[in-house]
Amino acid sequence: MRTLILYYDKDILKNIVAPLTLRPDKIIYLYDSGIRDMTPFRSLAACFRPHMPHLVMEQYPVNASSMEKIYSQTCQVIDRIIGEGYLEVTGGSELMILAGYRAGCEKGIHVIHTDLVHDCITNLVTNEVIAKTETLSLADFIHAKGACFIGESHNPPESDRYTSIQKMARYLFSHLQEWKNTCSYLQTVAARYLPNEVFMESKQQIYMKNGKKICPDKEILKEFQRLGFLKNLVMDGERLHFSYCSINDRQYCTNYGVWLELYVYIAAQQSGVFEDVQLGTMIDWNAYDGVSVAGNEIDVILMDDSMPVFISCKLREADTAALNELLIVKKRVGGWFSKGVMVTFSKAKSQDSGTYKRAQELGLMLLDASDIMAEDFGSRLVKTIHEHDLISMKWKKI
């Protein structure tokens, strides 16, 4: 029987990487006795269950303020091990790490450390690399945080639609004011129909609830039809009618900002270098309270070498509030071991604006309109994410 002992840490990666890599038969967490809520351990069990269905998991409190007590309690746990044992000294407080190393060396157990930057687990006594760390999924992170996925705000498109969506998105990005008016028009018309209806008919000029008069841009409607989002478009005098090609197309055509989200999602998918790319993800941050409530909607999430990347898409100027919201989501799931990207249709980066400087101060990456409209946007997205690594961030004030 293989047993792995760890000191519980507030950083999720320090709790889950070694177990998911070594796949022991039994895991024992030693945690600060000041922790009263046991929900984190239920969350860890939920994270491990799909990978190790027969895992035995235990947790015991220790007096984290006394090195001698941590040492003696760790020795007691080690003495009860049957078979091969490993003691991981990556997480926990400084006193836990020192006491654990001492106890492990004296008891002759394998004392190991997980290098989360260089993706390896090392035996601290022999300095031997015993394993390369396992690649994690988004589900591993979400379950370990005690959260769960509760759906998507937008259905991701099939791969055969990528080219038409990219072309339509770039057209809309070049005609944003016309798109804003047209989207308002399409939203107002769609509100008169049931959610599953695709046929629409209306006057070409209508009034919104605020009394503002609007009409659609005919060229945008024609482009929607040319690229397969509308069909049977007829603009006859004062009236027009058409049909959306699908319910998904209706959702896309009546959502102003979704085109940037789709554009980023497709670029990430087509790069072929990221895992678990998801669009419009909604998360219930407390999966154990018996109430299904969506927290922040995250425009695009992906995994970059076992590290979650959260991307916020704004088809407008991004402000400090938007940056703060992204930072909170980033810290909530991955803490320091995660990345945040703001994609904003503005000149924030090219003009070195206050927003761009604030993003840098917060440890967030920012891509603006000059990147979005570049032919190599996908490459720029990949380069930005890959260059923003833990080593470069280590000594920054965040």
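Attention in this report is confined to the structure presented alongside it.

For the rest of this paragraph, the subject is helix H8 (residues 218-226). Inspection of H8 places Ile 220, Leu 221, Glu 223 and Phe 224 among the buried residues, and these make up the whole buried set. The buried side chains of H8 occupy one side of the element, clustering within an arc of 160° when seen end-on. The N-cap of H8, judged by a side-chain oxygen 3.1 Å from the amide nitrogen of Glu 219 a few residues on, is Asp 217. Among the residues trailing H8, Gly 228 stands out with phi positive, at a value near 90°.

A few words now on a nonpolar patch on the surface. A grouping of Tyr 101, Leu 124 and Val 125 is seen on the molecular surface, where their side chains present a nonpolar patch of about 260 Å² in accessible area. Note that Val 125 resides in the loop between strand S6 (120-123) and strand S7 (128-132). On the basis of relative accessible area, Val 125 is assigned to the exposed category, the value being 52%.

Under the criterion given, the structure shown has 17 salt bridges. Ionic pairing is found between Arg 358 and Glu 361, a salt bridge with its closest N-O pair at 3.4 Å. With Arg 358 and Glu 361 both in helix H12 (residues 354-361) and 3 residues apart, the pair spans about one turn of that helix. Take Arg 358: its relative accessible area is 30%, and that puts it in the partly exposed class.

This paragraph deals with the packing of helix H6 (residues 162-173) against H8. Packing of H6 against H8 leaves a shortest axis separation of 10 Å and a crossing angle of 170°. Classed by the angle they form, the pair H6 and H8 counts as roughly antiparallel. Contacts between H6 and H8 involve Met 168, Tyr 171 and Leu 172 on the former and, on the latter, Glu 219, Ile 220, Glu 223 and Phe 224. Of the residues in the contact of H6 with H8, the class split is 5 nonpolar, no polar and 2 charged.

Take the sheet that holds S6 next. Overall, mixed pairing links the 7 strands, which are arranged S3-S2-S1-S4-S5-S6-S7 in an open sheet. The two strands at the open ends of the sheet, each matched to only one other strand, are strand S3 (56-62) and S7. Strand-to-strand twist of the sheet, defined as the mean angle between neighbouring strand axes without regard to direction, takes the value 25°. Relative to S7, S6 runs antiparallel, the two sharing 4 bridges. The residue bridging Asn 123 from the neighbouring strand is Glu 128, located in S7. Helix-sheet contacts for helix H3 (residues 67-79) involve strand S1 (2-7), strand S2 (26-32), S3 and strand S4 (84-88), and the interaxial angle to S1 is about 165°.

What follows is about the packing of helix H1 (residues 12-22) against helix H2 (residues 39-48). Close contact between H1 and H2 brings their axes to 11 Å; oriented N to C, the two are set at 30°. With respect to the hand of their crossing, H1 and H2 are arranged in right-handed fashion. Across the interface between the two elements, Asn 15, Ile 16, Pro 19 and Leu 20 of H1 pack against Leu 44, Cys 47 and Phe 48 of H2. Class assignment of the residues belonging to the contact of H1 with H2 gives a composition of 6 nonpolar, 1 polar and no charged.

The rules behind the values
Residues numbered from 1 in each chain as written. Predicted model: local features only at pLDDT ≥ 70, side-chain atom pairs only at ≥ 80, totals over all residues. Heavy atoms only, no water. Buried < 20%, exposed > 50% of the residue type's maximum accessible area, 1.4 Å probe, protein only. Helix = DSSP H or I, 4+ residues; strand = E, 2+ residues; numbered from the N terminus. Arc of directions from axis to C-beta. Polar contact = N/O pair within 3.5 Å; in protein donor to acceptor, adjacent residues only side chain to side chain. Patch = residues over 30% accessible without salt bridge, like charges linked within 9 Å, V, L, I, M, F, W, Y side chains within 5 Å. Areas by Shrake-Rupley, 256 points an atom, 1.4 Å probe, with all protein chains shown as cover. Salt bridge = Lys/Arg side-chain N within 4 Å of Asp/Glu carboxyl O. Axes fitted to C-alpha atoms, helices over the stretch in contact; angles between N-to-C directions. Parallel < 35°, antiparallel > 145°, perpendicular 65-115°, else oblique. Contact = heavy atoms within 4.5 Å. Nonpolar A, V, L, I, M, F, W, Y, C, P; charged D, E, K, R; others polar. Pairing = 2+ DSSP bridges. Left-handed = near helix turned anticlockwise from the far one by under 90°.

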